[in-house]
Structure formats: C-alpha cells, structure tokens
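# Observations on the three-dimensional arrangement
Below, each chain spelled out in residue letters.
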Amino acid sequence: MQTSQKHQTPASIHRLYDQPVKEIDPFCLPHIQILDNNVCSDVSSQGTSVSFQTYKDQFFTLESSTATANFVVYDSPSAVSISSSRSPFSPQGSQSCLSDPHHSPDNTYGSPFSGSSVIDDSNELKQKLRALEISLLGPESDVIDSCNCCFSSGANQAASMASLNCDQLVDMIPRLDLKQVLVACGQALYEDDMSAVAGLMHVLEKMVSVSGEPIQRLGAYVLEGLRARLESTGSNIYKTLKCKEPTSSELMSYMHILFRICPYWKFAYTSANVVIKEVMEYEPKIHIIDFQIAQGTQWMFLIAALAKRLGGPPSICITGIDDSQSSHARGGGLDIVGRRLLEFAESYNVPFEFHDAAMSGCEIQLEHLKVQSGEALAVNFPYVLHHMPDESVSTWNHRDRLLRLVKSLSPKVVTFVEQESNTNTSPFFSRYLETLDYYTAMFESIDVACPRDDKQRISAEQHCVARDIVNMIACEGPERVERHELLGKWRSRFMMAGFSPYPLSSSVTMAVRDLLKEYDSNYRLEEREGALYLGWLNRAMATSSAWR
C-alpha cells in the first residue's frame, strides 16, 4: 500500500476532477437522463375533452435529432414529426401559491415568471387575442381551427368549425414576448379556455426553435408538453421517443456534453466527496451506498484521494443502486461499474469490494444493502430522491420510507443533492410556471457554454432534458415522476426520519468555489443554514446538504 508524504487538503479532491485519472468515463446524469415509465393518464381535473381530429391515432413527437440531423423552427404543424411507432436535472412547501411558486421561507431567489405582473400580462395578451378572434369570427365564436386542430368542450362538440385567419394572428408575433405567450398558453389550458389555447399554440409554433435563444429552445419542448397534455399522450410520446432513442454511445456522448459544460453534477460529486472524506478520515473500513451510481465516476475521485491518506488507504466497499435506464446509457449492467471501480482501486492499491443492486429505489429493502458490522457507513442521494413517490402519490410513500430505512442503518453521514425546485404537489399552473422559470435558467446556463447551432448540444437537450419537461407538464398522478421539492421540505423529511443536519465545512465551500472558477461568472454559490445553494444569476438550481 502506498502512503503520501503529506496530508491532502479536502479541496484537492476537486482538483482530481481535472487530472487524467485512469479509466474515468463520462457520468450518466440521472437528473437529465431519460426517464423510466414516463407515462401519464390523468390530464386535467377540468373534465375537458380535447381531440386533434386531423392526426387521429398518431402522436406528436419531438423533432428527431442526431448528430447529423437538420434542425428547424416550429413554423408550422408540419414541422413537428408525426409517428405512430414511436428528457445536469431533476420541492415543495406544504402549500402552493399560484401567484408565487417560490413562496417558501427556504427560497429567497426571485423568479421572472413569479408574481402577478406576468399573469396580468398574460391576461392582457389573452384579451387581445380574444378581441382579434371576435373581430374575425364574431362574438359567438368559441372554437378556433387555426392549425388543423379541432377542440370540443365537455360532451358537446361545436356544431360548426370556423377558420381563423392565421396570417392576421401571426402578424402579432413581432410584438409578442415569448415568455408571456408561454405563460398565457399555460394559464388558458389551466382555465379550460380551449379557443385561446389553440390560437396561442399556433403562435408558439412560429416563435420556438430547438436551435434558437434559450427561451425559444425551452418553448419548443414546453409546446410538446402542452400537446401531450391536451392529447393525453404523455405515455405515447415517451414510447415513441424511446423507440427512436439514441444508441448507448450516442446517449453517453450527449450526457458527457452536459456533464462537461455545466457544473451541476461536479457540484454534487465535489461536495459529497469532500464531506465523506472528512467524516471517514480515520476509518479503516468504509461502506458507501450510492442510490444512483450510474457510471460510478464519482467514486474514482474519492478512491484516488483516500489512497493518499496518511497511514495508508482504508478498505472500501461500495453498494451501487441503479435502475435499468442507466444500463442503456452505459451499455450494460452494474457489473460493468463494479469491474471498472475494482480495476481502478487496484491501480491505487486500495482494498475494494463492490455490491450491485440493479433496481429502483422504490424496490430497495434492508437485505439489498449488505451492511456489515464494523463498517463506517456513508449514504449518497444524488439527484434521485425526487423520483421516489411520496404520500401524495402512494400510500407506500417510498420517499420517506427510504429515509427511515437508511436511518435504521446508523450511517456516519448521508450526502444529499437535489434540484431546488417546487413541482411535487403543486397544481398544474403553479408547476407550469416553476418549470418555465427553472428550465429558462438551465437553458441560459447551457447557452453560454455551447454555440446555439451546435448539433451535439441540440441532441443533448432533446434526449437528456426534454423528457423531464414533458413529464412535468403533461403528466399527473403516479405517471409524473419528476417531483422536486425545496430544501426546506427535504429538511422536514430528514428530521422526521430522525436525522440531524451535518453542517458543511468551509473546506466543502472552498472546493466548490474552486470548481466554479472553470465556469461562467453568472453561477452563484451561497451558504445558508449549513447547506450550499448553487445558482444561476438569481435562480437557485441545486442544493447540497449532509445529515447524520
């Protein structure tokens, strides 16, 4: 075994991320990875029946994109692929506030989509569109056939179809703000104003683009989510997209692009690894349970750091949990991760053992975790708990069940990183505004690091981010798997399970600040109540905390 001549500082873990460590592959990002079972059945509690008569039995899908594909603006319905054969992420207070989805003592970040001003603007926009509709169709009109779509309300279908002069509607586009149109369309759908929805969706088709500005790119995927919600085809869109899923190597390359140009996953790696290294400084036997191990890359950095520990490295056991979705990205099962980590540990003379649990966190039971006496236990939850259904979805409440299970193991530390967003139990329109706000910031952060016409970047957004957006907009009930909560709510869950906070040290903050030097200056880092908040401009994007 090798020993180092001097003790390594915690911040040095981050520097390992930029050194050529042997056999480190790109990490699979579960927060933006393609979702498992993204199906939806419940569309709205409003009782509105909606049908796209022209495309009966067919499903709108995202424009298929590969590294060599051509990309188009959604300037007409024909620009959207029709197929009968075939999304670095992913909170809540006890109540949702429609006018301010960030209404929480744990969130001091503002939102350009929050507050009454945007809703007032959208109301004004809807009124203008309604006035235009009346001028064209007459005061009794309640149906717009502007894009080969037929809408019916309740059981009574409109007796007549009238054609809206699309040119006149489109003439308004130069004077419209895309954010306002997106908000107005979501509000109209929430209020069952199908005539306004149809007109606004037609306007959106002319304004969004997968290769445009951040808000245009986001708008393209939001539009797909709105279509899926109207047609109750969230599950069908998922299935059709899955059939056109990229190969393992392509998907891995797309994930690597986002891993490289955004700090979200390195933020999770760095903060968790520094905490675990500090807590386990004098432990001879370490067992790490990772509830989203993906490629296992995170632990290569920690193994390399622990190998240089004074007095020699500890023996390390890692239990990796992962579902079948990540298997596609890495091209095989968890045995691939185990072999890679074993070979890496051997190259550093670190005694190593790997256990795999190839299943969803919802299926995990005590016997799957293989904890032995004499081991110092660390548990890692990286962007994964928001996929676990809570009490609002299932009486099993796997979200809290897992926390109680982990607490029963008496871990020395639990590291926890999640998106700072509020989409779990929020009603549709509040969740819709939150999705617009959060992903506007995400697309802006991607935009500064990669050219807008970069086809690899376009493919990465479509294959790794879009499905999360569609799932949050189109799906309800158990089929909506993207259910984020604010750190304040997570804090309550951890404490109810018996945990107490483990305040992050200055070494963790220093390591993350060192990491962010490599990225755009618009990224922000804030320490608050023992946790770290990673933000883009004035929007909190992710939080890192530790528990014991």
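Everything numeric here is computed off the predicted structure, so don't read it as measured data.

## A word on the packing of helix α4 (residues 178–190) against helix α6 (residues 214–231)
Where α4 meets α6, the axes come as close as 11 Å, and the angle between the chain directions of the two elements is 15 degrees. With respect to each other, α4 and α6 are oriented roughly parallel. For the element pair α4 and α6, the recorded crossing hand is left-handed. Contact residues: α4 offers Leu-178, Lys-179, Leu-182, Cys-185 and Leu-189, while α6 offers Ile-215, Gln-216, Gly-219, Val-222, Leu-226, Arg-229 and Leu-230. When grouped by side-chain class, the residues that make up the contact of α4 with α6 number 8 nonpolar, 2 polar and 2 charged.

## A short note on the sheet that holds strand β11 (residues 531–536)
A sheet is described by the order of its strands in space; here 8 strands give the open sequence β7-β6-β5-β8-β9-β12-β11-β10, paired in mixed fashion. Only two strands of the sheet have a single partner each, and these edge strands are β7 (352–358) and β10 (523–528). Ignoring strand direction, the axes of neighbouring strands in this sheet form an average angle of 15 degrees. Relative to β7, strand β6 (residues 315–322) runs parallel, the two being bridged by 7 bridges. Along β7, the bridge assignment pairs Ile-316 with Phe-352. Contacts from helix α12 (residues 334–347) reach β6 and β7 within the one sheet, and its direction differs from that of β7 by about 165 degrees.

## So, the packing of aromatic side chains
Tallied over the entire structure, the rule returns 18 aromatic pairs. Considering the side-chain rings of Tyr-221 and Phe-443, the 6.0 Å spacing of their centres and the 35 degrees angle between planes classify their relative orientation as tilted. Linking Tyr-221 in helix α6 with Phe-443 in helix α14 (residues 428–447), this pair joins segments that are 222 residues apart in sequence. On the basis of relative accessible area, Phe-443 is assigned to the buried category, the value being 0%.

Conventions we followed
- Residues numbered from 1 in each chain as written.
- Predicted model: local features only at pLDDT ≥ 70, side-chain atom pairs only at ≥ 80, totals over all residues.
- Heavy atoms only, no water.
- Axes fitted to C-alpha atoms, helices over the stretch in contact; angles between N-to-C directions.
- Helix = DSSP H or I, 4+ residues; strand = E, 2+ residues; numbered from the N terminus.
- Parallel < 35°, antiparallel > 145°, perpendicular 65-115°, else oblique.
- Left-handed = near helix turned anticlockwise from the far one by under 90°.
- Contact = heavy atoms within 4.5 Å.
- Nonpolar A, V, L, I, M, F, W, Y, C, P; charged D, E, K, R; others polar.
- Pairing = 2+ DSSP bridges.
- Phe/Tyr/Trp six-rings, centres within 6.5 Å; stacked < 30°, edge-to-face > 60°.
- Buried < 20%, exposed > 50% of the residue type's maximum accessible area, 1.4 Å probe, protein only.

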